[in-house]
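# Close look at the chain arrangement
Now for the letters of each chain:
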Amino acid sequence: MRSLSRILFRRSQLLINRGAIPLRHKCVCGFSSGFNNNSNIKLKTIPLQNYSCDPEEIDSKIGSTDFCLFSSVQPIFPNNPMNCQIKIGNLKRITKPLLYTIISPDNGEIFTIGIALSKQVEKNLNSELKVMEQRDANGNILINDPMSNTFNLDIISKSKNYRFKITKIEMTPDGIFAQGIPYKDRPLTQAEQQIDIKNEVKQITSLVAQIRKLGQIDRLEAFTDVKQSLLDSSEKLTATQIDELVYQVAAGLSKLQTSNLKLNTSQFVQQLLESQTYIERMFILRKQLENMSGVLDLVNKHFKESDSSLLKLHQQTLAKLATEYIRQNYLKDAPNSQSYGGPAGSQSQVGEKQKQSVLVKKYQDKLSLIPDESSREKVKREIERFSLLDKQSSEFHKINSYLDEVFSIPFSKFTPVQWDIQYAKDVLNKEIEGLEKVKERIIEMISVNKLKNSGQKAKGFILLLNGPPGTGKTSIAKSIAKALKRNSRFISCAGVADPTFFKGHKRTYVDSMPGVFIRELIKSNTMNPVFILDELDKVSKHHSGGSDPYYTLLEILNPEENHNFTDHYMDISVDFSHVIFILTSNDTLQMLEPLKNRLETIDVQAYIQEEKLQIATNFLVNKSIESNGIKQQMIKYDNETLTKIIKAWCYQESGVRELKRCLEKIARKHATNLLTANPNLCDKVDELNQVVFDPTISSLDLTKDKNLELISQYLGPPVFDIQLEQRSIKKFPPGQVNILTVGGMIGHVLTVESCFDDSEIEKKGQIVASGNIKLVLQESLKLAKINAFKYLNEEQKLQLSKSAIHMHFTEGATPKDGPSAGTAITTALISLVTNFTVPSNLAMTGEISLNGQVCKIGGLQQKLIAAKTLDIVDILLPYANLGDALNLPTQLLKGLNLYFVTDYQQIYDLIFDQQIGNANYTVNTIKNGIYETIQNRSKEQIQQSINC
């Protein structure tokens, strides 16, 4: 019970600090006791380096003494021996007196007033040094590593005149040396002479006795080294005796504060050393003793009250347990009324006990539901504890809540397994537009599970849907749950920073509760629901407490381990192996690598324009109109209108959220226009309180808006310049080429422009780049120049070496990096030097190596979507991406001519030798969705059945 007192006792540092004398670096502190004391104490510090004080501070009549200087954060007291750790460094002999100074805890500097040590300390230190000496063959003294020359010594000050003020410090390789002048007390003032010394000593004696008494409660020994004769003396003490008493009591107080309150007492000790009269030292000590006594009194007062309450509760619990034991073992045949004091016993207590017995019986009947034997035994022990507790006990409600949570877990409840492939196909096709690859993969997983897990307790699986925002990942997860006819629970992981969100709190904490997985399992009321963990990559990493929430997911998202999941609150094994986990994320690069290794990932690609059009036609148009209170026939769309909206306002998104917002905005503005033109429109309502529209009200027909004038009135100017579609009819100047890039999960078509820069005469033969490019792209410039030289004649090489070339990448505000622009940069250089124009409807992407090899790139689908949006037809790609292209939707490939090259020689032939239109040129292509391969120089066409 006293351990709790010790914990709070250590927390009393705050009380000490509040009540203590305010001490600051280089501050002035005043003390008073019933009179005005004008003496001030300045605690000055100096850095431990070469130092010389102001000559005005030195009395020329006082001679200085040379010292060997030691310093430490550990304070010492005059005439009180103390064991101290001393580091000697390169010091070989002590030839000067020793001076000890305290290091200030505030700034690491030393105080100017130090204590001279006795000659016995010098002798002991020289003896230690002599033992450490070693001599070589020539008799020279060798010293070990200076950092290891550290040992403990008992040190004590001189008996008299021990205080010195440092006037000079000299740092040498052999040690630190100082000069100091004696620091003596000043004469007492008239006011100080009037002070009753015996009364002050009596107050100090009383405070010491009070602190001893209070410390005994917590078994703390205090002031054991203080001479009792000085405390109990009835005669007036001399100044020397007072100083001896003050330093002995201060040493005991410092030991008590340091060992029990973890306080640093350097400032307090230094105040005593720098005070200039024994009266000041008495006041400083008395103030510290009063503070310490107040803290101990406050702590013990509060704990005396809490201890008595705890003792009373403990006695009551023991009495009730003893009564229950006697009733069960000796009074089995006695009526219940006799077991609680006979007929006069409390009937309410009997009724509560009976209710508790019924509750215990209910818990015991449910024990068999827990499948794990060790968990069952653990819960059984909790039930036994619960049966012995009184309802007034705080543990009663805690264990009651815990048992309720345990038996709320649906251990034996399973939703019937439905592995109906045709039903799943119908649901997925109805709920999800496009994404055929994703739907195909889900059907495959359902088929495999039907073959492997046809029983009621079929094992679940873990699936990660990764893709750009707005591509329907969460909708796919809900559709999977619907296709399997299972209950689904949605868990958002975005911003989770505390690991206990997943694994719960220990029951020792106040308001503890199970983790989210246990809570959602209880809500689902089945052991095989579908858990949708949304935004898994948004879990906050590196919690401030040192634990990462990602690590808590490794157990439950591991198919080999989640049959034995243990929540911190439940502390029993719960089987999650039958749960289907469907996770969603935008970027797996943000996730923990061991966690990604445990997950099966399905990449959800960005929607192509045709898929967006189908989603808008089948879902978004009707939903946006009805959600804004108007009828479907009041706004008319066609495919051409929706395509224009997608291109002009929704180009830079991978999903359909912006398209949905645009359609809703048109509906809202049309609703506002209707009410403005017809103020009485809402007067007629039907029996369902729905507005009855007049058939004569004109509808909004957007099918006739060919130039986007009407749509622009509702959506504002196009965000994406629709005129960029006309790029195919523009003519590029020499040195300009289209580049396909990916930024923020969206494909982009940028242009690289180059020209001879006559203003940079001093940079002849160099390429000056602009457009916010980063390191990898700058390296691509060097590789492109090397490869371009291979295709130039001598005259063109000379021209390139004598001119500076400026190369600019458009959209300069956007940072650009990556190697996939290498082929385009090389083409732009050759185009500029040879004065050849590259077609504006041609684009390329690919990393180029030092030897001219064209290497694989990423983000192929996003790049092709961007190219098709701008009506770019001919696209040059690395041959290594051929497999990726064959898996792309057929709708995306229609209208595109893809050329797959292995090295830059083929790019040079296609562009500068104009072999693009040559049917006899041997290169692998996909034209309008048809893969054409060249084998043995005879062209063979293979129609690929590519599912979109």
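These numbers were taken from a predicted model, which means no experiment stands behind them. (Residues numbered from 1 in each chain as written. Predicted model: local features only at pLDDT ≥ 70, side-chain atom pairs only at ≥ 80, totals over all residues. Heavy atoms only, no water.)

Here we take up the overall build of the protein chain. Along the backbone of the protein chain there are 30 helices and 35 strands. A total of 948 residues make up the protein chain; the buried ones form 46% of that total. Taking the contacts inside the protein chain whose residues are at least 6 apart along the sequence as the reference set, 73% of them involve residues at least 24 apart. For the protein chain, the accessible surface area stands at approximately 48,000 Å², while carbon and sulfur atoms represent 49% of it. (Helix = DSSP H or I, 4+ residues; strand = E, 2+ residues; numbered from the N terminus. Buried < 20%, exposed > 50% of the residue type's maximum accessible area, 1.4 Å probe, protein only. Contact = heavy atoms within 4.5 Å. Areas by Shrake-Rupley, 256 points an atom, 1.4 Å probe, with all protein chains shown as cover.)

Secondary-structure assignment places isoleucine 197 in helix α5 (residues 197-217). Remark: the alpha-carbon pair of isoleucine 197 and alanine 239, spanning 42 residues in sequence, is separated by 9.8 Å.

Moving on, we get to the nonpolar core. The tendency in soluble globular proteins is for nonpolar side chains to be buried side by side. Counting 62 residues, the largest nonpolar core has Ile476, Ile630, Ile635, Tyr637, Ile645 and Ile666 as its most contacted members. For this core, the leading source of residues is helix α22 (residues 657-677), giving seven residues. Discounting residues that sit within four places of it in the chain, isoleucine 645 has contacts with Tyr637, Cys650, Leu659, Cys662, Leu663, Ile666, Ile711 and Leu715. With 58 residues, the next largest nonpolar core counts Ile115, Leu231, Val246 and Met292 among its residues. (Core = buried A, V, L, I, M, F, W, Y, C linked by side-chain atoms within 4.5 Å.)

The terminal C-alpha atoms of helix α20 (residues 609-626), which comprises 18 residues, lie 24 Å apart, in line with the 26 Å expected from a rise of 1.5 Å per residue. Of all the bends found along α20, the most pronounced is centred on alanine 616 and spans about 50 degrees. Turning to α20, its buried residues are Glu611, Lys612, Leu613, Ile615, Ala616, Leu620, Val621, Ser624 and Ile625. Along its buried surface, α20 packs onto β22 (635-636), α21 (639-649), α22 and α29 (890-893). (Expected span 1.5 Å × (residues − 1). Bend = angle between axes of the 7 residues up to and from the residue.)

Further remarks concern helix α11 (residues 373-388). For α11, with 16 residues, the first-to-last C-alpha span of 23 Å sits near the 22 Å given by 1.5 Å per residue. Of all the residues in α11, the buried ones are Ser375, Val379, Glu382, Ile383 and Phe386. For α11, the angular spread of the buried residues around the axis is 105 degrees, confining them to a single face. (Arc of directions from axis to C-beta.)

Here the focus is the sheet that holds strand β15 (residues 462-466). Pairing within the open sheet is parallel, and its five strands lie in the order β16-β17-β20-β15-β21. Edge positions in the sheet fall to β16 (488-492) and β21 (600-603), since each has one partner strand and no second. Within the sheet, the average angular offset between the axes of one strand and its neighbour, ignoring direction, is 20 degrees. (Pairing = 2+ DSSP bridges. Axes fitted to C-alpha atoms, helices over the stretch in contact; angles between N-to-C directions.)

A contiguous nonpolar patch, built from Leu318, Leu321 and Leu388 and spanning about 260 Å² of accessible area, is present on the exposed surface. Within the secondary structure, leucine 318 is located in helix α9 (residues 278-330). (Patch = residues over 30% accessible without salt bridge, like charges linked within 9 Å, V, L, I, M, F, W, Y side chains within 5 Å. Salt bridge = Lys/Arg side-chain N within 4 Å of Asp/Glu carboxyl O.)

Within strand β20 (residues 580-585), six of the six residues are buried, which leaves the element mostly enclosed by the surrounding structure. Neither face of β20 is open: one carries Ile580, Ile582 and Thr584, the other Phe581, Leu583 and Ser585, and all of them are buried. Both β15 and β20 contribute to a ladder of five bridges, which runs parallel. Bridged to asparagine 466 within β20 is serine 585. Sheet topology note: the strand β17 (residues 530-534)/β20 ladder contains four bridges and is parallel. Counterpart to phenylalanine 531 in the pairing with β20 is phenylalanine 581.

Sequence positions flagged by UniProt for "active site" (unreviewed entry) are, in local numbering, Ser820 and Lys863. A compact arrangement is adopted by the annotated residues: their sequence extent is 44 residues, whereas the largest C-alpha distance between any two is 11.3 Å. Inspection of the secondary structure puts serine 820 in the loop between β27 (804-809) and α26 (822-834). Leave out the neighbours within four places in its chain, and serine 820 touches Leu740, Thr845, Gly846, Glu847, Ile857 and Lys863. Locating lysine 863 in the fold gives a position in helix α27 (residues 860-869). Ignoring any residue separated from it by four or fewer positions in sequence, one finds lysine 863 in contact with Leu740, Thr741, Val742, Gly747, Ser820, Thr845, Ile857 and Gly858. Polar side-chain contacts of lysine 863 include one of 3.0 Å to the side chain of threonine 845. (UniProt positions renumbered as here; feature names shortened; annotations may be inferred. Polar contact = N/O pair within 3.5 Å; in protein donor to acceptor, adjacent residues only side chain to side chain.)

Let's shift gears to the packing of aromatic side chains. The final tally for this structure, using the stated rule, is 19 aromatic pairs. An angle of 20 degrees between the planes, with centres 5.7 Å apart, marks the rings of phenylalanine 502 and phenylalanine 517 as stacked. Of this pair, phenylalanine 502 sits in helix α16 (residues 500-503) while phenylalanine 517 sits in helix α17 (residues 516-524); the two residues are 15 residues apart in sequence, bridging distant segments of the chain. Note on accessibility: phenylalanine 502 and phenylalanine 517 belong to one class, buried. (Phe/Tyr/Trp six-rings, centres within 6.5 Å; stacked < 30°, edge-to-face > 60°.)

As for its position among the elements, serine 72 is in strand β5 (residues 65-72). Within the structure, the side chain of serine 72 is placed 3.2 Å from the backbone nitrogen of glutamine 74, a separation counted as a polar contact. Not counting chain neighbours up to four residues away, the residues in contact with serine 72 comprise Tyr100, Thr101, Ile102 and Ile103.

With that settled, the discussion passes to the packing of helix α24 (residues 775-789) against α26. Across the interface, α24 lies against α26 with an axial gap of 8 Å and an inter-helix angle of 50 degrees. Between α24 and α26, the crossing angle belongs to the class labelled oblique. In this structure, α24 meets α26 at a crossing whose hand is right-handed. Between α24 and α26, the contacting residues are Leu777, Ser780, Leu781, Ala784, Lys785, Asn787 and Ala788 on the first element and Gly822, Ile825, Thr826, Leu829 and Ile830 on the second. (Parallel < 35°, antiparallel > 145°, perpendicular 65-115°, else oblique. Left-handed = near helix turned anticlockwise from the far one by under 90°.)

In this section: unusual backbone geometry. At glutamate 535, a position not held by glycine, the phi torsion is positive, near 55 degrees. If you trace the backbone, glutamate 535 turns up in the loop between β17 and α18 (549-556). Taking the relative accessible area as the measure of exposure, glutamate 535 reaches 22% and is therefore partly exposed. One non-glycine residue with positive phi stands out, namely asparagine 772, at about 60 degrees. The topology assignment puts asparagine 772 in the loop between β26 (767-770) and α24. A residue is classified by how much of its surface remains accessible, and asparagine 772, at 30% relative accessible area, is partly exposed.

Close approach of charged atoms allows side chains with opposite charge to pair. The tally for this structure, following the rule as stated, stands at 25 salt bridges. As a salt-bridge pair, lysine 361 and aspartate 365 come within 3.1 Å of each other at their nearest N and O atoms. Taken together, the residues lysine 361 and aspartate 365, both in helix α10 (residues 347-366) and four residues apart, mark about one turn of the helix. Judged by its relative accessible area of 46%, aspartate 365 falls in the partly exposed class. A salt bridge links glutamate 520 to lysine 523; the nearest nitrogen and oxygen atoms lie 3.7 Å apart. Here glutamate 520 and its partner lysine 523 are both found in helix α17, three residues apart, which amounts to about one turn of the helix. Among the residues examined, lysine 523 registers a relative accessible area of 52% and is labelled exposed. Taken together, the salt bridges that share partners define one network made up of Arg163, Asp185, Asp243 and Arg281.

The subject of this paragraph is the packing of helix α13 (residues 421-431) against helix α15 (residues 473-483). One can describe the packing of α13 onto α15 by two numbers: an axis separation of 9 Å at closest approach and a directional angle of 150 degrees. When the interaxial angle is binned, α13 and α15 end up roughly antiparallel. The handedness of the crossing between α13 and α15 is right-handed. Along the contact surface, α13 presents Tyr423, Ala424, Val427, Leu428 and Glu431, while α15 presents Ser479, Ile480, Lys482 and Ala483. Class assignment for the residues of the contact of α13 with α15 results in six nonpolar, one polar and two charged. (Nonpolar A, V, L, I, M, F, W, Y, C, P; charged D, E, K, R; others polar.)

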